[in-house]
Every structure is written in C-alpha cells, then in structure tokens.
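Each chain is listed here by its residues.
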Amino acid sequence: VFSCSKNSRKSAIIRGALNQLITTLKNLLALVGVARRGGDLKAVADLVDSLIDSPQMAECLRRCREQAGGAAMIDGRYPPFQPDMQVLECLPEGSLGRSYAELMVSRGYDPEFFRPRPLLSDAHWLTQRIATTHDIHHVVCGFGTTPEGESRFGWRSPPAKSAFPPM
C-alpha cells in the first residue's frame, strides 16, 4: 500500500509538472505571436488571455487583494473605465483626464480598443480592468507609446510583477 501511495504522489507531481510545461509552452507561443505580428493588439490580447488561469494570475490577484481597497474593488467588480473623450478634452490643461484625452486623440487611439471579456471570474475582471486602464498608465508613468515605452510599462504591470517577482 505504501509503494502504491508513493507512486500516486510521483504521478501527481509528474502530471502537475507536465501541465505547467504545457501552459508555459502555450504562453511562449502566444508571446512569439506578439513578436511576429509586431505587437498587434489581437496577439497581445491572446497572450493576456493565455494567462487568465495561470499561477501568475493567481499571484497577481493575491497581491491586488493585499493592496488598500483592492479586495473591495475586485469583490465589487468595480466597472471598467469608460472614458468620454469629449468630456475629458474640456478638463483643465495639465489634468490627468485632459492629458489622457490628448494622448488618445493625438495618436488616433480608440479608447475602447480592448477585447471585451465576460467577467466570469476575478481573473477575467482584473484582466479587463488592466486592459481598459492601460493607456492612462502611460500618462501617469510618463512612458511613451513606442515599443520601448510599452515594454517599460509592461514589465511594471501587475501580471508581469507576479510572473517575475523581485529577487
């Protein structure tokens, strides 16, 4: 009986490792897709969606819940950001809203560029929240929307911080 139990544990460990390897390979393929398609938004959304049920997302959710107000925001499913460019453009010069509108209008960006996702879980909600607030972070952090600015911002996003925690 003991050896059977020992074999079952080994099998479970091997299955878990194989599942993690398969998930990692899928994520890597999605990342390659982003690179091949030059950062195409569909490829980026595919990569983001591949992380929804990942250990990295679980860690991201854990960290977000630890932040002041984070658990209440996740549990309450605070609605995603829905900017009205006409209203934001009328705000005082130098304000966050006006600066955001100026960025979006000057670049010809669609403020609703993100892939709509059903809010089936906390991970889906957080993914949508991050997608809908992405560009405002460029204004807040001062990172441009060039590939370099995107990569600087991307490595500071909650999923990236969870996937690559500080050492």
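Residues numbered from 1 in each chain as written. Predicted model: local features only at pLDDT ≥ 70, side-chain atom pairs only at ≥ 80, totals over all residues. Heavy atoms only, no water.

**Considerations on the packing of helix α6 (residues 96-107) against helix α7 (residues 122-141)**
Condition: As a rule, the C-alpha atoms of each element are fitted with a line to give its axis, helices using only the stretch in contact, and angles between N-to-C directions run from 0 to 180 degrees. By the criteria applied, helices consist of DSSP H or I runs no shorter than four residues and strands consist of E runs no shorter than two, each listed in order from the N terminus. The scheme is simple: roughly parallel for angles under 35 degrees, roughly antiparallel for over 145, roughly perpendicular for 65 to 115, oblique for anything else. For any helix crossing, the convention is left-handed if the near helix is rotated counterclockwise from the far helix by under a right angle, and right-handed if that rotation is clockwise. Contacts are residue-level and defined by heavy atoms, with any inter-residue pair within 4.5 Å sufficient.
The geometry of α6 relative to α7 is characterised by a closest axis approach of 9 Å and an angle of 115° between their N-to-C directions. Overall, the two elements α6 and α7 adopt an arrangement that is roughly perpendicular. Note on packing geometry: the crossing formed by α6 with α7 is right-handed. Listed contacts from α7 to L96, S99, Y100, L103 and M104 of α6 are D135, I136, H138, V139 and V140.

**Looking at the packing of helix α3 (residues 55-66) against α7**
Basically, it comes down to this: In this count, Pro and Cys sit with the nonpolar residues alongside Ala, Val, Leu, Ile, Met, Phe, Trp and Tyr, while Asp, Glu, Lys and Arg are called charged and the others, Gly among them, polar.
For the pair α3 and α7, the least separation of the axes is 10 Å and the interaxial angle reads 75°. In terms of orientation, α3 lies roughly perpendicular with respect to α7. Across the interface between the two elements, M57, C60, L61, C64 and R65 of α3 pack against D122, A123, L126 and T127 of α7. Within the contact of α3 with α7, the residues separate by chemical class into six nonpolar, one polar and two charged.

**Observations concerning α3**
One turn of the α-helix equals 3.6 residues, which is why residues spaced by three or four share an orientation. Threshold: What a helix is expected to span follows from its residue count: subtract one and scale by 1.5 Å. Exposure is judged per residue with a 1.4 Å probe applied to protein chains only, and the accessible area is read against the type maximum: over 50% gives exposed, under 20% gives buried, and values in between give partly exposed. Working definition: the arc comes from the directions between the helix axis and the C-beta atoms, pointing outward to the latter.
With 12 residues, α3 should reach 16 Å at 1.5 Å per residue; the first-to-last C-alpha distance of 17 Å fits that figure. Buried within α3 are the following residues: M57, C60, L61 and C64. The arc enclosing the buried residues of α3, seen along the axis, measures out at 100°, which places them on a common side.

**Re α6**
In a regular helix each residue adds 1.5 Å, so 12 residues correspond to 16 Å; α6 covers 17 Å between its end C-alpha atoms and thus fits that length. When we look at burial in α6, the residues that qualify are G97, Y100, A101, L103 and M104. Along the axis of α6, the buried residues cluster in a sector spanning 160°; they form a single face. G108 occupies a position one or two residues after α6 and carries a positive phi of about 70°.

**Details of the environment of D46**
On the secondary structure map, D46 appears in helix α2 (residues 41-50). Look at D46 and you get partly exposed, because its relative accessible area is 26%. Sequence spacing of D46 and R115 is 69 residues, and the spatial spacing of their C-alpha atoms is 9.4 Å.

**What about the environment of D135?**
Counting through the fold element by element, D135 comes out in helix α7. Taking the C-alpha atoms as reference points, D135 and L103, separated by 32 residues in sequence, lie 8.5 Å from one another. Excluding its chain neighbours within four sequence positions, the residues that come into contact with D135 are Y100, L103, M104, Y109 and F113.

**Some points on the nonpolar core**
Using the following cut-off: As used here, the term nonpolar core means buried Ala, Val, Leu, Ile, Met, Phe, Trp, Tyr and Cys residues forming a set that is joined through side-chain atoms within 4.5 Å.
Of all hydrophobic cores here, the largest spans nine residues; its members are I52, M57, C60, L61, C64, I74, A123, W125 and L126. Among the elements that take part in this core, α3 stands out by supplying four residues, more than any other. The contact partners of L61, leaving out residues within four places of it in the chain, are I74, D122, A123 and L126. Core analysis: the second largest hydrophobic core is formed by six residues, L88, Y100, A101 and I136 among them.

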